[in-house]
Amino acid sequence: MSFVEYGDTIKDGDTAIVFLGHESMFPVKVQHGTVTQTKYGVIRHSTDLIGKKYGSKVTCSKGGWVFILHPTPELWTMNLPHRTQILYSTDISIITMMLELKPGSIVCESGTGSGSLSHAIIRTVAPTGHLYTVEFHQQRAEKAREEFREHGVEHLVTVTNQDVCKNGFGVSNIADAVFLDIPSPWEAIGHAKSALKAEGGRICSFSPCIEQVQRTCLAMEEYGFTEINTLEILLRVYNVRTISLQIPDLGRAAESNSSTGFDSSSPSNQGSLCTNLQQGTVQFKSGVPLREMVGHTGYLTFATKS
Ligand SMILES: C[S@@+](CC[C@H](N)C(=O)[O-])C[C@H]1O[C@@H](n2cnc3c(N)ncnc32)[C@H](O)[C@@H]1O
């Protein structure tokens, strides 16, 4: 297993995702002789995990079962131990596209934080690209290095423990793209410009507050970046629900008028609606937006060095 290459069977040392049910999962480090407790009972790594195929249904000691999933950056983002606020897959997907990341891209990032975005970048630039990520908090930098090693991607990433605003990214004229998720990105725009290739590249800065965005845009303009563009992405999730509606009682006249009733024999209605005249209801399946949705995460400011 590695986060950039699919492995068929679960091996000692892998990071696997234990999937218990809808929005209920957690990561586990597979180790000979270790057990993991779940609400369905114990999973014994030596007998229940090692050697089994990813995607297997594993029966726990109390008779319940879980699925064991191969890790991906998206699953890791949903399950990783938070050391900081992190970026989620909705923002990450637009960042990946707008920075034009692809296999072979050289990317600079700061801060590394919990490594949520880093894993996605690494997967995209593999097998020939590289991520240079800068984190000034020593423990976070060390923990990120340890995770990249455990996830089989250490050859694709260099973690540098320094202040990006003072010391930059530790590289110059090699990056195709730069990403910033720090409180004062405007102080790192000059370093971003030096890290980018002489022929140019793309930059993105993530900031929760509009005042940060304003200062960053001014700094980008000052350093000669073009195509400066700020946007925000909002995700609306839908659940599939069976809706049951009461048929209005319009009296005998309406009952005898078949043209006002629902005709379930019509091909266009088959499978979508179901009338229960005894209960006086009509049922149908529909996509229903969740009552609550994630609001603002941050503004994404993109620009080009040309
Ligand atoms: C919000 S977190 C980044 C989260 C990351 N994008 C993720 O998806 O997991 C911001 C990180 O930047 C680091 N940081 C803040 N200012 C910095 C600076 N000037 N140089 C380097 N790292 C910095 C913080 O220590 C923190 O870990």
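These figures come from a predicted structure and were not determined experimentally. Each chain carries its own residue numbering, running from 1 in the written order of its sequence. Only residues with pLDDT of 70 or above have their local features reported here, since the model is predicted, and side-chain atom pairs are shown and tallied only from 80 upward, although totals for entire chains, interfaces and linings are computed over all residues. By convention in this description, side-chain values take in all heavy atoms of the structure and omit both hydrogens and water.

1. Some words on the side chain of serine 56
For helices the rule is a DSSP run of H or I covering at least 4 residues; for strands it is a run of E covering at least 2, with both sets numbered from the N terminus onward. In this fold, serine 56 is placed in the loop between α1 (45-49) and β5 (57-59). Think of a polar contact as two N or O atoms within 3.5 Å of one another; within protein, one of them needs to be a possible hydrogen donor and the other a possible acceptor, and neighboring residues in sequence only count if both atoms come from side chains. A polar atom in the side chain of serine 56 sits 2.4 Å from the backbone oxygen of lysine 53. Whether two residues touch is decided by their heavy atoms; if any such pair falls within 4.5 Å, the residues are in contact. Setting aside anything within four residues of it in sequence, one finds serine 56 in contact with Val66, Phe67 and Ile68.

2. Regarding the nonpolar core
Take the buried residues of types Ala, Val, Leu, Ile, Met, Phe, Trp, Tyr and Cys, join any two whose side-chain atoms come within 4.5 Å, and each joined set is a nonpolar core. The cut-offs for exposure are 20% and 50% of the maximum accessible area for each residue type, with area from a 1.4 Å probe on protein chains only; residues under the lower value are buried, those over the upper are exposed, and the others partly exposed. Membership of the largest hydrophobic core comes to 46 residues, with the highest contact counts inside it found for Val66, Ile68, Leu99 and Phe179. Looking at this core element by element, the count peaks at 5 residues for helix α4 (residues 116-125). An automatic or database domain assignment provides the domain bounds reported here. Both of domain 1 (9-71) and domain 2 (75-234 + 295-305) provide at least three residues apiece to this core. When sequence neighbours within four positions are dropped, the list of residues in contact with phenylalanine 179 reads Leu87, Ile95, Leu99, Cys108, Glu109, Ser110, Leu117, Cys204 and Phe206. Ranked by size, the runner-up nonpolar core spans 23 residues in total, among them Ile106, Val134, Ala219 and Met220.

3. Some thoughts on the domain arrangement of the protein
Assigned domains within the protein: domain 1 (9-71) and domain 2 (75-234 + 295-305). Taking only C-alpha atoms into account, the centre of domain 1 sits 33 Å from that of domain 2. Taken together, the contacts link 9 residues of domain 1 with 6 residues of domain 2. Buried area is a sum: the accessible area each of two parts loses on coming together, probed at 1.4 Å, counted once for each and added. Both faces considered, domain 1 and domain 2 share a buried interface measuring about 630 Å² in area, 67% of it formed by carbon and sulfur atoms. What makes a salt bridge here is a side-chain nitrogen of Lys or Arg within 4 Å of a carboxyl oxygen of Asp or Glu, nothing more. Where domain 1 touches domain 2, the interface holds 1 salt bridge. For lysine 29, the salt bridge identified is with glutamate 150, shortest N-O distance 3.3 Å. Summed over the shared surface of domain 1 and domain 2, the result is 2 residue pairs in polar contact (both at pLDDT 80 or more).

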